[in-house]
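# Chain and residue survey
The chain contents come next:
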Amino acid sequence: MEVKKVKTHEAVETNRGYVAFEYGPVVYCLEEADNGNIDHIMINQQSEGVAEFRPDAFGGVAVLHLDANVISVNGGDVSSAAGKVMAIPYYTWNHRGKGSMAVWLPGKIESVRIKPE
């Protein structure tokens, strides 16, 4: 199977510039438990994702490692750093306590909705 990047149709105004990822027939998401504040993550446009089988995760699932820019807000200063984030199968989210989740991920800086920390 291959990791597939899906782009939002341009007619969907609220998701312009966003992407989602699939691995085979499974849709993936970012979860706060793995990635911290997911509202401050922008997926690198060139990221294709790398799948890794994790027998220790949710009884054994493939996770995706994606290239991203993690945005930090400190007072009035905003910065970003390149890094990796981990996506899990959508059906497994919310099994580790409360936290935010996203399937559609910003792929352009203008799509990031920065919230104060």
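For clarity, every value in this text was computed on a predicted model and none was experimentally measured.

Scoring rules and cut-offs
Here the residue numbering is sequential within each chain, running from 1 through the sequence in written order. The predicted nature of this model means local features are confined to residues of pLDDT at least 70 and side-chain atom pairs, given and counted, to a pLDDT of 80 or more, with totals for whole chains, interfaces and linings taken over all residues. Processing note: side-chain calculations cover all non-hydrogen atoms of the structure and skip hydrogens and water entirely. Salt-bridge detection follows one rule: a side-chain nitrogen of Lys or Arg within 4 Å of a carboxyl oxygen of Asp or Glu. In this description a helix means any DSSP run of H or I spanning at least four residues, a strand means any run of E spanning at least two, and both kinds are numbered starting from the N terminus. Accessible area is worked out with a 1.4 Å probe on protein chains only. A residue is then buried under 20% of its type maximum, exposed over 50%, and partly exposed in between. To qualify as a nonpolar core, a set must consist of buried Ala, Val, Leu, Ile, Met, Phe, Trp, Tyr and Cys residues joined through side-chain atoms within 4.5 Å. What makes two residues a contact is simply this: any of their non-hydrogen atoms within 4.5 Å. Pairs were defined over the aromatic rings of Phe, Tyr and Trp, the Trp ring being its six-membered one, requiring ring centres within 6.5 Å. Orientation was assigned from the angle between planes: stacked under 30 degrees, edge-to-face over 60, tilted for the rest. Here the term cavity refers to a set of points on a 1 Å grid, laid over the protein atoms alone, in which a 1.4 Å probe fits but cannot get out; the term pocket refers to an open set having protein on both sides within 12 Å along at least five of seven lines, with lining residues being those that place an atom within 4 Å of a point. Grid points are joined across faces, edges and corners, and a volume is the space filled by probe spheres set on the points. Ten residue types, Ala, Val, Leu, Ile, Met, Phe, Trp, Tyr, Cys and Pro, are classed as nonpolar, four, Asp, Glu, Lys and Arg, as charged, and the remainder, Gly among them, as polar.

### Concerning the pattern of salt bridges
- The full count for this structure, using the stated rule, is 5 salt bridges.
- The salt bridge partner of Arg96 is Asp34, with a shortest N-O separation of 2.7 Å. With Arg96 in the loop between strand 7 (77-89) and strand 8 (101-102) and Asp34 in helix 1 (residues 32-35), this residue pair connects regions lying 62 residues apart in the sequence.
- On the accessibility criterion, Arg96 (37% relative accessible area) is partly exposed.
- In this structure Asp34 comes out as partly exposed when scored by relative accessible area, which is 27%.
- Counted as one network, the salt bridges with shared partners bring together Glu31, Asp34 and Arg96.

### Examining the nonpolar core
- Core analysis: the largest hydrophobic core is formed by 17 residues, its most contacted members being Phe21, Leu30, Ile43, Leu64 and Leu66.
- Among the secondary structure elements, those contributing two or more residues to this core are strand 2 (18-23), strand 3 (26-31), strand 4 (41-43), strand 6 (61-74) and strand 7.
- Once residues within four sequence positions are removed from consideration, Leu64 is found in contact with Val3, Phe21, Tyr23, Tyr28, Val50, Ala51, Val85, Met86 and Ala87.
- Core analysis: the next-biggest nonpolar cluster, separate from the first, contains 8 residues, Val61, Val63, Met86 and Val103 among them.

### A closer look at the packing of aromatic side chains
- Going through the model one piece at a time under the given rule, you end up with 1 aromatic pair.
- Judged by centre distance (6.4 Å) and plane angle (35°), the rings of Tyr90 and Trp93 are tilted.

### Quick look at the layout of surface pockets
- Considering only enclosed or pocket space, the largest pocket measures out at about 150 Å³ in volume.
- Taken together, 12 residues line the largest pocket, and the ones lying closest to its centre are Tyr18, Ile38, Asp39, Pro106 and Arg113.
- Counting only elements with at least two residues in the lining of the largest pocket, the list comes to strand 8 and strand 9 (105-106).
- Class assignment of the residues belonging to the lining of the largest pocket gives a composition of 9 nonpolar, no polar and 3 charged.

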